[in-house]
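Residue strings, one per chain:
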Amino acid sequence: MIYAIETNFYASGGSKLNETARSYKMLAQEAHTVDGFEFVWFTDGLGWKSARGNLRETFDSMEHIYSIDDLENAVVNEIFK
C-alpha cells in the first residue's frame, strides 16, 4: 500500500480552509479509484471552527482524516498495520 499523507494546522479561519477541505475531499475520492493507494489527512487547529461545515462534509466522505488527538491516541498504529 502506498500512502500519500498531508498534514496541516490552522490557527485561524479564512477562505483557504473551505477550499482545502473541498480539494482534499476530491483528492481522496480520486485516490480511492487507484488500487494500492490511500490518501491520509492529518489536520487540526482552531481555524476549523469557522469552517466546521466544510470540514464535516469532508470528514463524512473521507476514510482517513485525523486530528492531533487521534495521533496522540496512536491512530497511526491502526492505519499502518
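Report follows, based on the coordinates.

Calculation notes
- Residues numbered from 1 in each chain as written.
- Predicted model: local features only at pLDDT ≥ 70, side-chain atom pairs only at ≥ 80, totals over all residues.
- Heavy atoms only, no water.
- Pairing = 2+ DSSP bridges.
- Helix = DSSP H or I, 4+ residues; strand = E, 2+ residues; numbered from the N terminus.
- Salt bridge = Lys/Arg side-chain N within 4 Å of Asp/Glu carboxyl O.
- Buried < 20%, exposed > 50% of the residue type's maximum accessible area, 1.4 Å probe, protein only.

## Quick notes on the sheet that holds strand 1 (residues 2-9)
Next, step 1: The sheet built from three strands is open, its strands ordered 1-2-3 with parallel pairing. If you trace the sheet from one side to the other, it starts and ends with strand 1 and strand 3 (65-66), each paired once.
Next, step 2: Pairing analysis gives eight bridges linking strand 1 to strand 2 (residues 37-44), with the strands arranged parallel. In the strand pairing of strand 2, Ala4 is matched with Phe39.

## Some thoughts on the environment of Ile5
Next, step 1: Within the secondary structure, Ile5 is located in strand 1.
Next, step 2: For Ile5 and Val40, which are 35 residues apart along the polypeptide, the C-alpha to C-alpha distance reads 4.8 Å.

## Details of the pattern of salt bridges
Next, step 1: Considering all chains together, one arrives at three salt bridges under this definition.
Next, step 2: Across the salt bridge formed by Lys25 and Glu57, the nearest N and O atoms sit 2.8 Å from each other. Placement of Lys25 in helix 1 (residues 15-31) and of Glu57 in helix 2 (residues 52-61) is noted, with a sequence separation of 32 residues between them.
Next, step 3: Taking the shortest distance from any N to any O, the salt bridge between Asp60 and Arg56 comes out at 3.5 Å. Of the two residues, Asp60 and Arg56 are both situated in helix 2; the distance of four residues between them amounts to about one turn of the helix.
Next, step 4: We classify Asp60 as exposed; its relative accessible area is 57%.

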